[in-house]
Structures are given as C-alpha cells and as structure tokens.
Amino acid sequence: MLAVVLAAAGIAGAPPAAAAEIRATAHHRLSSGNDHRWGAAGPAAGASPARPPAGDGAVSGVPRAEGARSLTHTIQRSDDTDAPADLAEARAHWIDRDTVAWQTDPALRHALAFSPGGDIAVGAGGLTGHPRTIRLTPGTLSDEQKRRWPHLAAYTALKVDRRDAGLVRRALRGQVVAVARDAEGALRAATGVQIPGVLDDVYAAAATAPLGPAGRVAPRLALWAPTAQRVELALYGRSRTVHPMRRDDATGIWSVRGLPDWMGREYTFLVTVYSPGAGKVVTNEVTDPYSLAVTPDGKRGRLVSLDSAALKPPGWDRLAKPAAVPQDRASIYELHVRDFSASDASVPAGRRGTYAAFGGDSAGMRELRVLAADGLTHVHLLPVFDFATVPERAADRTEPDCDLAALPPDSELQQECVARTAATDSFNWGYDPLHYTVPEGSYATDPDERTRQFRGMVAGLNRAGLRVVMDVVYNHTHSTGVLDPIVPGYYHRLLDDGTVATSTCCANTAPEHAMMGRLIVDSVVTWARQYKIDGFRFDLMGHHPKANLLAVRRALDALTVAEDGVDGSSIILYGEGWNFGEVADDARFEQATQANLAGTGIGTFTDRLRDAVRGGGPFDADPRVQGFGSGLAGAPNGAPANGTAEQQRARLAAYTDLIKVGLTGNLRDYVLPSGKKGSEIDYNGSPAGYTAAPGEAVTYVDAHDNETLFDALAYKLPQATPMADRVRMQALSLATAVLAQGTTFVHAGSERLRSKSLDRNSYDSGDWFNRLLWDCAAGNGFGAGLPPRADNAGKWPYARPLLADPALRPGCAAIQAARARYGELLRIRASTPAFALGSLSEVQRRLTFPDAAAEGVIAMRIDTTGLDPRWKSVTVVFNATPSACAQVMESLAGQEVSLHPVQAGSDDPVVRRSSFDPASGTLTVPARTVAVFVQS
C-alpha cells in the first residue's frame, strides 16, 4: 500500500486514533513482511493484476518514467549556477481561467507556454519547439480561492493577462508549461501545469450535461474529454469500424448518435490527447467510465439498455423489498460473494462462488433467512463492481493444486501453495476498481450474464428478508490506466510535483474535482435505480470531500418509487472516516471523516469500542495485548506487552469508558457518570465521542480487515481457556456491538466462530484461508496452516503453538452455541426500541451507567417508559470477568424485573442462572456472560 512506514503515533498529521485505524484498513494490497507498510503504487508482489486495466497496452507513447528522463534538463543561469527544469513534473497549478498558483519568485516574469503538438522541451538555449504564450501578471489569491485550494494558499498568484484570455481553451487542448524568466529574458524555471481547477471552471456546464451511454433502441454516447484534440468511437462486431464524435465547446463533451443495430455491440473510444506522462500527443483506446456493461475482463464496453427484459431475472420489476429501517436500527452482515458459497457443498458446483448461489435453498441461504428472522436487516457485500484482480473467465483461472486439508495445522506449506496461484485464482477482496458501474464478471457463471445474475442475487437476498449494501471504492482505481488516458492529469489527485498520490494503496482519485465527484454521484444513483441497492459503504471515505458525500445523499433522497422505482431516502450511507494521507486534517478540502460527518446522518465505523473490546490495536507487534472481551478483566495471559498489574487496571478502566461511549452511539455530547462528555474521553489523543446522533456510528468488533474475532481471542485469551469460555467471550464481545445505540455490524461467520487461521490480511489468501463454513462438522477454519507469510510472518512464533493445539479447534457444539447466542442478541435488539433511541436527547435522558460496577463489568440501564408497551426499562450487564458478579441497581429495588424472555428461554443454562433480588435491586450475572433484564 503506501510507500511510507506508518508509525504507531500517527500518520501525516492524523491523530494516533486515526493512525491505528488506517493500518487496520490496509487491506487491499499490503506489501511483504512489514505490518506498517502499504505498497507504493499498486498491488504487492504476488497480487499483480490478472488482466490489464482499461487502456493499458492500448496507449501509444512512452511510459511516464521514460518520458520524464527525456524532458529533464538544467537551465544555465546568468550567474553560472544550474537550476532544474523538469517538464515531467507539474509544480504550477492553473486553478481557474484567470489564476495560476506556483511556488516561484514573484519578481520574475511569468507566462504559460503551450503547444497543440506537444513539442515543447528545454534545450541549452531555453525552450524548444513551437510554443505560443499566455502572459501572466502578478496577483493575489482571493479568500475564496484560498478556501477552495487551502494547500496552495501560500503560493505565488499569477493572473492571466486579459489580452490572452481568448487563448485559454486552445491551450488546454495541448501541452502547457509554466515559465519564469528574469529581466533579461533568460529562462530561470519551467515546469508542467496541473489543470483540474481551470477545467472545472472553463467547462463548468459539463456538470449537468448528459454523459455515458443512453437510449433504449438507438444508442447515444457522450464522453467528457475537454483536453482531447479528437475523439472517435470504435465499434466492434464482425469488423472494427471507427466513427467520428462531435465536440461541444461549451462542455468539452464529445457525443455521437448511433443506429439500432449498434445495440449489443462492443465499443471503445479513441482519444487523441496530449499526455504529460508520454511527453507528446498520443491516441489512447479507452473504455467508457460510464460503461453499463463490459466484455470479459473489462477490455471493451458493450452497448446495452439496462431496461431490456433480457437483463432482468423473472419478477425483477415487481420485486418486493423488506421494510426499510432507520440507520440506527440497521443490523449489518458483511459478506464476500465468493466466500458465501465457495465451500458450500449444498450449492451445485457450477454455482459456487457466484451470484447464482443466492438463489435456491442452500445451507447458506437457509442460514441467511434464519438470521433475517432473528433481526438481521442488511447484507453488506464486499466489492461487486468490475474489478481488476480476478480473471473473469473460469478457464483463465488457476487454483491451488495441493491437498491443503491433509497438511499439518501449523504448516507453512498451505500458504506457500496458495501464494503460487494467488495472482490468477478465483479469489480477491476486489478493492481494485476498473469500471465503477458494472457488476464484476468473475462472480457470474458466465461474465456475459453478470447483469441479470447480479440482479438475481439482489432479488434472492431481498426475498430472504434482507436489504443489500454495496461496498464501493471510489477513492482510487486499480491504476492510472483506468481514467487518466481520457483526461490526463484530471481524475487522479496529484501531489505538489504532479505525481499521482497513492496514500489509499493505488492511484488516488480526486472527488474534489467536479467531474470525478459527478461520476461518483451518477454511479451511486445508477446502482440504486437499476440494481435496487439499499445502502452504500464507502471505502476510505475520508479521502472524499464531505461535500461529495452530501451530494450523494441529496441525489439519493431525490429518488422516488413513482419516478425511479426506489425510495432513495431509505438508502443508508456509511463508510471509513479515517483521516490520513495528503488530504489529512482537511488539507485540501473538508473531508468526510468521523468528526466532520457529525450531524449529516452518514455513518462511520468507530474504532474506539472495537479496540477496547479486543485489546491493543490491529498492528501490535505482540498480538496478545488484552482488552475487555479478551481476558484483561481477570484472565491475564502473561504477555509482557500487557504491562504491570497496575497498568492493566488503568487500561481496563480506560477501555470501560470507551465501551460506554460506544454503547451510546459514540455521542460527543453524552455526559457520562464521571461528568465528562464523550468528546472528553481520550482515544489515543483523539476524542472518543464524535457523533451528533447515534445512527452516525457503525459499531463493530471485527470486519474483513485484520484477524477475525475468534482469531483475536485465540491470540489474547490464555491458551488454556476452555472452548466453552471462548464461546462466551465471543458472544460477550459481539454483544457490545449488537446492544449499542446506532448501526451494528458483524463480519460474516463471526456468529459461528469463523477463523482465517490467524490471517490478518486475507485479501489475496485464496478460498482456503477465507472459507466460510456453514457445516459445523467441517470446523471453523482454524488450523488451516500458518497464515500467508507476507502479512503474518512476524506473528508466526505466536501462531504456531496455537494452530497446533487441537483444543482450539471448535466442534459443532461450540459453533452452534456461538450461533445461538448471536441470534439471541439480534432478537433482543429487535424486540424493543431501547436499542434505537435515535437522538442525543433521548439517549442522554434514558440511558444511564451505574457508578458502582465492579472492574470488568459494565451495567447499562435504558428507561423505556412511553416507548415500549411491555417494559418500563431494559438493563444490560456485561460481565467480562471469570467470576459471577452482583450488580446493585437501587432504582430497580422493589420492582418487577426478570431476565429477558429470549434469554429466559435460551438453551444456555449459564445465562438462565442470571437472577434479580427485588429486596436490594441486585442483578446477579454468571461469569463471562451478558444478561439482559426487563422491568415489567
């Protein structure tokens, strides 16, 4: 991922809390060995793309590195000193039609040199080629310009001479170079120019003009390519034909109208444009960023109408959706399409790992229906848009050829075998976008059937009682070859020198630029309207402007059943609000980060409760650091990383406060019994509480990133902990998320003790380490061999003795018990409005934490008077200690209180021993148990 080492204390100005979570989300393509290192510009070794991204291999010209060498020179100054002039860099920023910002000496004379032919270079005597000139005069940046471009606020402002204003559009369609000369006319500096700002200004009308393919009978196509000198449509069929496209000078959009017989044909665009990377004018063959269908492996687009009956499964237009729920009542199950059925023998072999597995009556579908009956509301699907890292035709894929099940549980051989085919097997998490608005083809039984089968999957989940969330990754593309060849230098965020930022792992996109932001909004709306998606989870959402997410929200809210077939206001939005990289601390715009989104209704994952329950952080060198749910309360594992007994007690107290804040929905203004607000509780130097309403918190204890909860507990609980107690701590840990205010979120399989054999980053670990096993007789995945070396070798000394221990491999009794406990928690959550109070005022008025709880115990009482017709209050006691606890609740003395009916009827004899003494108001809860009591 990033070519930097992420220190435990923080990242690029981000607070330490964000730093810990950034590392926790470094899931896509971590480079070898170093837990804190993200790869520089793309997939790590062993994770190379199985197919080139659109445009790669079809670009005439030279790669950037080669072009850079050809354009780097030194200028001989009059004082005989050398100054670099690198035209492969772009250190000047043309931010609107009138203004250039550049770190340059304002006393020099400045100009923009431009050449339609792209022939400007630097020779011994100065510029060579045939440049024309736009004169620049000294100026200042306005307050509005500084607000819009805060990272350029200290730059020198240069204004376009009014006499040359008519040359701006012409200049933008060729090579542009910023030039500085001294009073004698000698060249003192020259650099390339970043042009997104001026493009957004000059072609602002494009923001509302039609784009992409359209038309049900005869297609219309429109591509925004304002810097292009020519754009043509290439149609493929029996032969390749090329058709000219017409340019609209007001918008920079090129368009063409076709004939009915074009429908169904493959197409690309031929964009002739100056490429700064190549250092010359090139013709790029590219796919449509607005593609609605593509050929296998995304090599070409295909002209289709998504309204065609052939692209709809039976009953699609009459699909009845499960009832919508407010975001603070949502219960979300994070699921990978391939994981769902790849190991499910009840699914026909040809359908395993595909969209088609979500139909029928397989073990997995039966389980999803039962989860929905328990109270689960949404399935969150890891990336299902067209991504780059799995060959879409099954015949092009290569699977491991070893007998993995026969190898020892602590062997290195499994991961070695999986690694040999990782680049071409059927598995990847999919955070490698190619086409944002096309379903991934490798999940279809035939990639040409992807649209109909994707819709069939949505329909199958809806019929099971579940709404569907898409994991969307608009913050980067697989490579710059996806968008950059269309408008070079626009769609990706550039650093000060003009290189593409890669802080997200790959080529960062720039949603702050108008047309990239619009692409995101248009894509989300298409998924909502055409595929009936019920929610969107934004990957690395902090790399988006807050304004972009609000634009998405407004666009969805405008969708109605009458006009669009969906109620857009019922669609939920949430994502990763981490603060890091070149945009950290609002360096370029107000980000869509945790704190900044307070008051918007858009949810963010909260790392606070997660770390407090699990213990430590995801990237601890010693994974045995304990937390509230992993033995810190009374079950020390002896690891030096836990510190002294006094330090452990202090950490337990701090973790307890973090969990209490999490149980409120991470409200910044909720006042705890200590008198401190949630925002005044410390989380590694950041406020623990940051939301304005509980629905803005997505509370979880595990996700696809990092070790599963079972694996984290395997590291952290004393190795001799009996399996029955491990099940209890699994359930107690999950309970902190399920019974919290706000959205509750669980990684698929955690309810059944899912393990990835201690793999902390399974993005490319194949089906073997990512197995989701519905048949408990097959185990839970633990003991599948040492996890892949690249991201786990440092923890192998801790992992070996655990994986070799047969006592840590659960049988059916343990797996079924864990599943039953999670189902009970869901049913309890769904049984009462106590866990969805909805607002700060209601949470502050109704939810309290008694002061007198013992160490390792949290008691939470919720007054439901006037909310719940059956119960006056609901009280939850989380006892994480290995001993029974007696929790006095004076307010309940003399009242009629009993164990929640779900737990009173539980098959767990331990929780049924929970009791209430009305004389003293004492609640007695067994060891390692969460008990819920109701007041009649």
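All residue numbers refer to position in the chain's written sequence, counted from 1. At least 70 in pLDDT is required for a residue's local features to be given in this predicted model, at least 80 for side-chain atom pairs to be given and counted, and no such filter applies to totals for whole chains, interfaces and linings, which use all residues. To obtain the side-chain values, all non-hydrogen atoms of the structure were used and water was disregarded.

Moving on: unusual backbone geometry. It is generally the case that most residues other than glycine have a negative phi and that most peptide bonds are trans. Notably, Ser757 is not glycine yet its phi reads approximately 55°, a positive angle. Each helix is a run of H or I in the DSSP string that is no shorter than four residues. Each strand is a run of E no shorter than two, and both are numbered from the N terminus. Secondary-structure assignment places Ser757 in the loop between β33 (743–747) and α17 (766–769).

Quick look at the sheet that holds strand β39 (residues 915–917) now. Strand order in the open sheet made by the three strands is β37-β40-β39, with antiparallel pairing throughout. Every other strand in the sheet has two partners, leaving β37 (885–888) and β39 as the edge strands with one partner each. Each neighbouring strand pair of the sheet contributes to a mean axis angle of 25°, computed without reference to strand direction. Pairs of strands are assigned from DSSP output, requiring at least two bridges between the strands. The pairing of β39 with strand β40 (residues 922–925) spans three bridges and is classified as antiparallel. When the sheet's bridge partners are listed, Ser915 is paired in β40 with Thr924. Convention adopted: a line fitted to C-alpha atoms gives each axis, helices being fitted over their contacting stretch, and angles between N-to-C directions are expressed from 0 to 180 degrees.

This brings us to the pattern of salt bridges. The term salt bridge refers to a pairing of a side-chain nitrogen on Lys or Arg with a carboxyl oxygen on Asp or Glu at a separation within 4 Å. Under the defined criterion, the tally for this structure stands at 52 salt bridges. Between Lys677 and Asp669 there is a salt bridge, with its nearest N and O atoms 4.0 Å apart. When a residue's accessible area, from a 1.4 Å probe over protein chains only, is under 20% of the maximum for its type it is buried; when over 50% it is exposed; and in between it is partly exposed. Owing to a relative accessible area of 34%, Lys677 belongs among the partly exposed residues under this scheme. Note that Arg928 is salt-bridged to Asp725, the shortest N-O span being 2.8 Å. Of this pair, Arg928 sits in the loop between β40 and β41 (929–935) while Asp725 sits in helix α16 (residues 723–738), placing them 203 residues apart in sequence. The class for Arg928 is buried, based on a relative accessible area of 10%. With relative accessibility at 21%, the residue Asp725 sits in the partly exposed group. A cluster of three or more residues bridged by salt bridges with shared partners is formed by Glu367, Asp374, Arg752, Arg819 and Arg827.

Turning our eyes to something else, we now look at the state of the cysteines. Throughout this description, disulfide means a covalent bond between two cysteine sulfur atoms. Cysteine sulfur pairs qualify as disulfides if the two atoms are within 2.5 Å. Under the counting rule described, the total for this entry stands at two disulfides. With its sulfur 2.0 Å from that of its partner, Cys402 forms a disulfide with Cys417. As the torsion about the S-S bond is roughly 105°, the Cys402-Cys417 disulfide counts as right-handed. Within this pair, whereas Cys402 is found in the loop between β22 (385–387) and α8 (413–420), its partner Cys417 is found in helix α8, the two being separated by 15 residues in sequence. A residue is classified by how much of its surface remains accessible, and Cys402, at 28% relative accessible area, is partly exposed. Between the sulfur of Cys776 and that of Cys812 lies a disulfide, 2.0 Å long from S to S. Between Cys776 and Cys812 the disulfide shows an S-S torsion of about 95°. By sign, it is right-handed. Of the two residues, Cys776 sits in the loop between α17 and α18 (789–792) while Cys812 sits in helix α20 (residues 812–831), which places them 36 residues apart along the sequence. In the protein, the bonded cysteines, numbered by position in the sequence, are linked as 1-2, 3-4.

Here we come to the sheet that holds strand β35 (residues 857–863). With antiparallel pairing, the five strands of this open sheet are ordered in space as β34-β35-β36-β41-β38. The outermost strands of the open sheet, each flanked by one partner alone, are β34 (847–848) and β38 (897–899). Judged from the seven bridges that link them, strand β36 (residues 873–879) and β41 form a sheet pairing that is antiparallel. By the bridge assignment for β41, Thr875 is matched with Phe933.

A few words on the environment of Leu632. Tracing the backbone shows Leu632 in the loop between α13 (607–614) and α14 (645–663). Assessed through its relative accessible area of 8%, Leu632 is described here as buried. Sequence separation between Leu632 and Tyr822 is 190 residues, and the spatial gap between their C-alpha atoms is 22 Å. Residue contacts for Leu632: discarding those within four places in its chain leaves Gln626, Gly627, Gln648, Arg651, Leu652 and Tyr655. Contact definition: two residues touch when any of their heavy atoms are within 4.5 Å.

With that settled, the discussion passes to the environment of Thr875. Within the element layout of this structure, Thr875 appears in strand β36. Placed 65 residues apart in sequence, Thr875 and Pro810 show a C-alpha to C-alpha distance of 31 Å. Setting aside chain neighbours within four positions, we find Thr875 in contact with Met860, Arg861, Met889, Leu892, Leu923, Ala931, Val932 and Phe933.

Let's shift gears to the packing of aromatic side chains. Two rings from Phe, Tyr or Trp (for Trp, the six-membered ring) form a pair when their centres sit within 6.5 Å of each other. Planes less than 30 degrees apart are called stacked, planes more than 60 degrees apart edge-to-face, and all others tilted. All chains considered together, the criterion is met by 22 aromatic pairs. Taken together, the ring pairs connect Tyr355, Phe387, Tyr443, Phe454, Trp527 and Tyr531 into an aromatic cluster. To sit over a ring, a charge needs its Lys NZ or Arg CZ within 6 Å of the ring centre and within 35 degrees of the ring normal. Across the ring face of Tyr236, the terminal group of Arg300 is positioned such that the distance to the ring centre comes to 3.5 Å. Between the NZ or CZ atom of Arg870 and the centre of the ring of Trp871, over which it lies, the distance is 3.9 Å.

All right, on to α20 then. Here α20 contains 20 residues, and its C-alpha end-to-end distance of 28 Å stays within 8% of the 28 Å for a straight helix at 1.5 Å per residue. Packing partners of the buried residues in α20 comprise β20 (331–335), α7 (363–374), α16, β33, α22 (901–904) and β41. Expected helix span is computed as 1.5 Å times (number of residues minus one).

Attention now moves to the nonpolar core. Trp94, Trp224, Phe536, Phe538 and Leu739 are the most contacted members of the largest nonpolar core, which has 183 residues in total. Examining the composition of this core, we find that ten residues originate from one element, helix α10 (residues 514–531), more than from any other. Not counting the four nearest positions on each side in its chain, Phe538 is found in contact with Val472, Tyr474, Ile520, Val524, His544, Leu549, Val552, Leu573, Tyr574, Gly575 and Glu576. The nonpolar core is taken to be a set of buried Ala, Val, Leu, Ile, Met, Phe, Trp, Tyr and Cys residues, with the residues joined through side-chain atoms within 4.5 Å.

Remark: α13 packs on α14, axes separated minimally by 8 Å, with the N-to-C direction vectors making an angle of 140°. On the basis of the axis angle, α13 is oblique to α14. In this structure, α13 meets α14 at a crossing whose hand is left-handed. Residues Arg608, Leu609, Asp611, Ala612 and Val613 of α13 form the contact with α14, whose participating residues are Tyr655, Leu658, Ile659, Gly662 and Leu663. Put simply, Ala, Val, Leu, Ile, Met, Phe, Trp, Tyr, Cys and Pro go in the nonpolar bin, Asp, Glu, Lys and Arg in the charged bin, and everything else, Gly too, in the polar bin. Taken together, the residues that form the contact of α13 with α14 break down as seven nonpolar, one polar and two charged. Orientation is classified from the angle alone, with under 35 degrees giving roughly parallel, over 145 giving roughly antiparallel, 65 to 115 giving roughly perpendicular, and any other angle giving oblique. Left-handed is the label given to a crossing in which the near helix is rotated counterclockwise from the far helix by less than a right angle, and right-handed is the label when the rotation is clockwise.

This paragraph deals with the pairing of β20. Most of β20 sits out of view: five of its five residues are buried. Taking every second residue as pointing to the same face, both faces of β20 are buried, with Ser331, Tyr333 and Leu335 on one and Ile332 and Glu334 on the other. As paired strands, β20 and β33 are joined by four bridges and run parallel to one another. Looking at the pairing, Ile332 lines up with Phe745 of β33. Two elements, β20 and strand β21 (residues 378–381), share four bridges in a ladder whose sense is parallel.

So, about α7. An α-helical turn contains 3.6 residues, so a residue and the one three or four places further along point in the same direction. Under the 1.5 Å per step criterion, the end-to-end length of α7 is 17 Å for twelve residues, consistent within 8% with the ideal 16 Å. For α7, the complete set of buried residues consists of Ala363, Gly364, Met365, Glu367, Leu368, Leu371, Ala372 and Asp374. Tucked into the core, α7 has its buried residues touching β20, α6 (337–342), β21, α9 (450–463) and α20. Just past α7, the residue Gly375 takes up positive phi, approximately 135°.

What follows concerns the packing of α16 against α20. In the contact formed by α16 and α20, the axes pass within 10 Å of each other and the chain directions differ by 25°. When the axes of α16 and α20 are compared, the pair comes out roughly parallel. The hand of the α16/α20 crossing is right-handed. Side by side, α16 and α20 meet where Met723, Val727, Ala731, Leu734, Ala735, Ala737 and Val738 of the first sit next to Ala814, Ala817, Ala818, Arg821, Tyr822, Leu825, Leu826 and Arg829 of the second. Residue composition of the contact of α16 with α20, by class: 13 nonpolar, no polar and two charged.

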